[in-house]
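Geometric and topological summary
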Amino acid sequence: MGSRVSGQVPDGPPPTLVFPDGLHRTLPGDVMIGRDRSCDVVLVSRKVSRQHVRMFEKNGFWFLEDLGSANGTRVNKHLVAPTTAVRLRHGDRIQVGPQIFRFLHPDELDDEERTESEEAVDPTPARIHLSPLQAQVVRILCEEWLASGSLEHVLTNEEIAERLGTPGAAETVKATLRRAYAKAGLSDLPAQAKRRALCRVAHSNGWL
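Residues numbered from 1 in each chain as written. Predicted model: local features only at pLDDT ≥ 70, side-chain atom pairs only at ≥ 80, totals over all residues. Heavy atoms only, no water.

A closer look at a negative patch on the surface
A grouping of Glu158, Glu159, Glu162 and Glu171 is seen on the molecular surface, where their side chains present a negatively charged patch. Looking at which element gives the most residues to the negative patch, the answer is helix α2 (residues 157-164), with three residues. Note that Glu162 resides in helix α2. (Patch = residues over 30% accessible without salt bridge, like charges linked within 9 Å, V, L, I, M, F, W, Y side chains within 5 Å. Areas by Shrake-Rupley, 256 points an atom, 1.4 Å probe, with all protein chains shown as cover. Salt bridge = Lys/Arg side-chain N within 4 Å of Asp/Glu carboxyl O. Lys, Arg positive; Asp, Glu negative; His and termini not counted. Charge placed at Lys NZ, Arg CZ, Asp CG, Glu CD. Helix = DSSP H or I, 4+ residues; strand = E, 2+ residues; numbered from the N terminus.)

Below is the structure:
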């Protein structure tokens, strides 16, 4: 990670990148996003280039530069021209391949040109509801996390089926979770990451 460029107000809260699962990552300096493991944010998707996009600070403002990626980068649904830096504003939605992030910069809340509605660019579908079976499966998946506060161990499909009282119904659980992942916008994450992310999204969306 690069060092911060002078010009940023030192006492203000740093900008953050909000991930699809609701996690926040502080941006202390240059951030490289791509498929290559050397990137600061690694996205496992064939739609993401090895070094897809760079976010950086200059003179107190944050910018995004698409590094000539094969599938492009979008900010608030607008395609960013390759190798062109665009100014980021509080609430902007950034799409890299299948992943959508939100850029938050509290110091710019008074910016008249900032993205007006954070709700409109929220990467989690808060108004989507789960079916009764989906809600039951998700609650069982998340109950250990709710009890212990830890996501080190997440239940398998077989364990969820057991707790449902339907041993042998692991395939049904798998299909049910697949639909829940789609509603939460998590389908493209790795398997274990999806389970952990679903718990966080379910909690923030009131699905638990």
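Once the structure has been displayed, the description carries forward.
A word on the sheet that holds strand β2 (residues 24-26)
Taking strand neighbours across the sheet as the criterion, the six strands line up as β2-β1-β11-β10-β7-β8 in an open arrangement whose pairing is antiparallel. A single partner strand is all that each edge strand has here, and the edge strands are β2 and β8 (78-79). Bridge count between strand β1 (residues 16-18) and β2: three bridges; the pairing is antiparallel. Across the sheet, Thr16 pairs through a bridge with Thr26, a residue of β2. (Pairing = 2+ DSSP bridges.)

A few points about the pairing of strand β6 (residues 61-66)
Side chains on a regular strand alternate between the two faces of the sheet. With five of six residues buried, β6 is to be regarded as a mostly interior element. Where strand β5 (residues 53-58) folds back onto β6 in an antiparallel hairpin, the turn is made up of two residues, including Asn59, whose phi is positive at roughly 55°. In terms of strand pairing, β6 meets strand β9 (residues 85-87) through three bridges, oriented antiparallel. Counterpart to Phe63 in the pairing with β9 is Arg87. (Buried < 20%, exposed > 50% of the residue type's maximum accessible area, 1.4 Å probe, protein only.)

Focus on the nonpolar core
Ranked by internal contacts, the top residues of the largest apolar core, which has 26 residues, are Val138, Leu141, Ile160, Leu177, Leu198 and Trp207. Of all elements in the fold, only α1 (132-148), α2, α3 (170-184) and α4 (191-204) reach the threshold of two or more residues within this core. Sorting elements by how many residues they give to this core places α1 first, with seven residues. One finds Leu17, Leu27, Leu43 and Trp62 within the second-largest nonpolar core, a separate group that totals 19 residues. (Core = buried A, V, L, I, M, F, W, Y, C linked by side-chain atoms within 4.5 Å.)

Things to note about the pattern of salt bridges
On inspection of all chains with the given rule, the structure shows four salt bridges. A salt bridge links Asp30 to Arg54; the nearest nitrogen and oxygen atoms lie 3.2 Å apart. With Asp30 in the loop between β2 and β3 (31-34) and Arg54 in strand β5, this pair connects stretches of sequence that are 24 residues apart. The class for Arg54 is partly exposed, based on a relative accessible area of 24%. Between Arg54 and Glu65 there is a salt bridge, with the nearest N and O atoms lying 3.3 Å from each other. Residue Arg54 is located in strand β5, and its partner Glu65 is located in strand β6; the two are separated by eleven residues in the primary sequence.

Thoughts on the packing of α1 against α3
Contact geometry for α1 and α3: axes closest at 9 Å, N-to-C directions at 95°. On the basis of the axis angle, α1 is roughly perpendicular to α3. Along its contact with α1, which presents Leu133, Gln134, Val137, Val138 and Leu141, the element α3 presents Val173, Thr176, Leu177, Arg179, Ala180 and Lys183. Tallied by class, residues from the contact of α1 with α3 come to seven nonpolar, two polar and two charged. (Axes fitted to C-alpha atoms, helices over the stretch in contact; angles between N-to-C directions. Parallel < 35°, antiparallel > 145°, perpendicular 65-115°, else oblique. Contact = heavy atoms within 4.5 Å. Nonpolar A, V, L, I, M, F, W, Y, C, P; charged D, E, K, R; others polar.)

Concerning the sheet that holds β9
The sheet built from five strands is open, its strands ordered β4-β3-β5-β6-β9 with mixed pairing. Unpaired on one side and paired on the other, β4 (41-42) and β9 mark the two borders of the sheet. Across three bridges, β3 lies against β5 in antiparallel orientation. Each bridged residue has a counterpart across the sheet, and for Met32 the counterpart in β5 is Arg54.

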